[in-house]
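Chains, contacts and geometry: an overview
Here is how the chains run, residue by residue.
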Amino acid sequence: MPKKRKVGPLSGLVERHSIDFIPDNERHGRPFSLFTLWFPANLQISAVVTGSLAVVFGLDALWSLVALLAGNLLGGAVMALHAAQGPRLGLPQMVSSRAQFGVQGAAVPLVCSIVMYIGFFASGSVLTGQAVGHLTHTGETAGIVIFALATAVTAAVGYRLIHRVGKLAAAVGALAFLYLSVELVRTAPLGSLLGHHHFSVPLFLLAMSLSASWQLGFGPYVADSSRYLPRDTAPRSVFWATMGGSVLGAQWAMGFGALTAAWHGGGQGDEVGNIVGMSGSAAVTVLLYFSIAFGKLTVNVLNTYGGFMSVVTGISGFRRIGPVGPLARSLYVGGIMLAGTTLALLGRGNFLESFSTFLLCLLTFFTPWSAINLVDFYLLSNERYDIEALADPRGRYGAWNVPALTTYAVGILVQLPFLSTELYTGPLVARLGGADISWIVGLVLPAVMYWLLARRGQGAVSGGEDGALGSGVPTPVELRSR
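It should be emphasised that the depicted structure is a prediction, and the values quoted were computed from it without experimental measurement.

Notes on the overall build of the protein chain
Scanning the protein chain for helices and strands turns up 19 helices and 0 strands. Scored against the burial criterion, the 482 residues of the protein chain give a buried share of 59%. Partitioning the contacts of the protein chain with sequence separation of at least 6, the portion at a separation of at least 24 is 85%. For the protein chain, the accessible area works out to roughly 18500 Å², and carbon and sulfur atoms hold 67% of it.

Right, here's the structure in full:
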């Protein structure tokens, strides 16, 4: 067995890998590093705004907290199941999706994931632009640009710097939110806010969908970091470290946002300034603006990094590309940064409405993908994929997997009658009292449909020389490394 390469504190800062397999001798770290990555990625200002939306939409403070927790737990569990695939496969999340959708067919959910990364980059840039603008006295527009450049530089360097920034951001963010939380408890009439409550099924499900969509949005790239852990890392440890950091950080931030909105209201414009204004001290205000900007850096770097990985994965499905060097990585990252920054500058004036619509629409496209990926990996393929075949359109998994792509399309369409957003409201929403259950339908029905189609395809194996299935559905094979 090859010896593991020693990694010094300053060595190998610039990442050498992109979408390729991580060899065993380059694996390192412990599951707790995932906690310190996902905790600050969730304990940040966008999650605060997400929590405040539950109250803005009409739910009271108490039931907002319960609904947000339920969505975080359910969505976080699904997301963490994706993370547990990383050490086993040593591959980015969307590369392993080729086993379900085909080497080229995986480009379909990849397009959706790239749109997601750009959207989250834009929303994060709007909020952090407000903080940087206040901090530097340059205004929101300049703040957005400054933050975008800092994000791009960190993402271009790669995995190790992302984790180091994440650990520092975890400490800074926790201190900032601890201070704000103490101020909220000290000054807000929490007894009154939590004492007046009335349960509403539609509003409860809407608030639950907000936090669930937040967690599920990490699914397409959560394994991009866990793939660096040693292959023998216990999946249970990866699951709980990821879910613990993500749910704890998100619920803290969203709960704070819900209580703040119930106390002060959730008005449009300068959402960051309204929250930091609770401090009452000029010196503390400066520190809070800095902590908000720095804390948001972690998740926006992850969005940029994930976007870069998705673009490279999509291209490599149609033509072979060599190792992605620092210059090419910088160009990919720069393109994502420009797209996200442009969107942020265009949409900053109507942020809350645009952000809530984006979150709810996001669920429509990623719940079917999650269902298909998890059913295939855990139930059909026994957690084993042929790594080499994932790069060959003529190999075991084929170029296009019709059953998976059909299931994905149906999974999107069956949600539309139950979807309720500013852009579109389905015909069955009114009959359900205004409740949006589209994301529940989008998880359950595609999971059942894909399982049935895949099992039928496995029963139709023609016994070809390479073991490929006639239907294009992947067969379980032993994991192999290059």
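Structure's up, so let's keep going.
Some thoughts on the packing of aromatic side chains
For the structure on display, the rule yields 18 aromatic pairs. Taking the centre distance of 5.9 Å and the plane angle of 90° together, the rings of Phe101 and Tyr408 count as edge-to-face. Remark: Tyr408 occurs in helix α18 (residues 402–413) and Phe101 occurs in helix α6 (residues 98–101); sequence separation between them is 307 residues. In terms of burial, Phe101 and Tyr408 fall into one category: buried. Aromatic pair Phe177 and Trp252: ring centres 6.5 Å apart, planes at 65°, arrangement edge-to-face. Taken as a pair, Phe177 in helix α9 (residues 159–187) and Trp252 in helix α13 (residues 235–264) lie far apart in primary sequence, 75 residues in all. For Phe177, a relative accessible area of 7% puts it in the buried group.

Structural notes on the packing of helix α2 (residues 45–56) against helix α11 (residues 201–216)
Where α2 meets α11, the closest approach of the two axes is 8 Å, and the angle between their N-to-C directions is 160°. Viewed along their axes, α2 and α11 adopt a mutual orientation that is roughly antiparallel. By crossing handedness, the relation of α2 to α11 is classed as right-handed. On α11, the residues touching Ser46, Ala47, Thr50, Leu53 and Ala54 of α2 are Ala207, Leu210 and Trp214. Class assignment of the residues belonging to the contact of α2 with α11 gives a composition of 6 nonpolar, 2 polar and no charged.

Things to note about the pattern of salt bridges
On inspection of all chains with the given rule, the structure shows 4 salt bridges. For the salt bridge of Arg186 with Glu183, the shortest nitrogen-to-oxygen distance reads 2.9 Å. Highlighted residues: Arg186 and Glu183, both in helix α9, separated by 3 residues, approximately one helical turn. Given the relative accessible area of 58%, Arg186 is considered exposed. Across the pair Arg394 and Asp392 runs a salt bridge whose closest N-O atoms are separated by 4.0 Å. Of the residues examined, Arg394 reaches a relative accessible area of 77% and is grouped as exposed. Judged by its relative accessible area of 26%, Asp392 falls in the partly exposed class.

Some remarks on α18
Here α18 contains 12 residues, and its C-alpha end-to-end distance of 16 Å stays within 8% of the 16 Å for a straight helix at 1.5 Å per residue. Pro403, Ala404, Leu405, Thr407, Tyr408, Gly411 and Ile412 are the residues of α18 that are buried. The residue sitting at the N-terminus of α18 and contributing the capping side-chain oxygen is Asn401; that oxygen lies 3.3 Å from the backbone nitrogen of Ala404.

Focus: the confidence of the model for the protein chain
Mean pLDDT over the protein chain: 79, with 80% of residues reaching 70 or higher. Contacts for the low-pLDDT stretch residues 1–11, under 50 throughout, to residues beyond four places or in other chains number 14 contacts. When the criterion is pLDDT under 50, residues 460–482 qualifies, and its contacts beyond four places in sequence or with other chains add up to 58 contacts.

Calculation rules
- Residues numbered from 1 in each chain as written.
- Predicted model: local features only at pLDDT ≥ 70, side-chain atom pairs only at ≥ 80, totals over all residues.
- Heavy atoms only, no water.
- Helix = DSSP H or I, 4+ residues; strand = E, 2+ residues; numbered from the N terminus.
- Buried < 20%, exposed > 50% of the residue type's maximum accessible area, 1.4 Å probe, protein only.
- Contact = heavy atoms within 4.5 Å.
- Areas by Shrake-Rupley, 256 points an atom, 1.4 Å probe, with all protein chains shown as cover.
- Phe/Tyr/Trp six-rings, centres within 6.5 Å; stacked < 30°, edge-to-face > 60°.
- Axes fitted to C-alpha atoms, helices over the stretch in contact; angles between N-to-C directions.
- Parallel < 35°, antiparallel > 145°, perpendicular 65-115°, else oblique.
- Left-handed = near helix turned anticlockwise from the far one by under 90°.
- Nonpolar A, V, L, I, M, F, W, Y, C, P; charged D, E, K, R; others polar.
- Salt bridge = Lys/Arg side-chain N within 4 Å of Asp/Glu carboxyl O.
- Expected span 1.5 Å × (residues − 1).
- Polar contact = N/O pair within 3.5 Å; in protein donor to acceptor, adjacent residues only side chain to side chain.
- pLDDT = per-residue confidence, 0-100.

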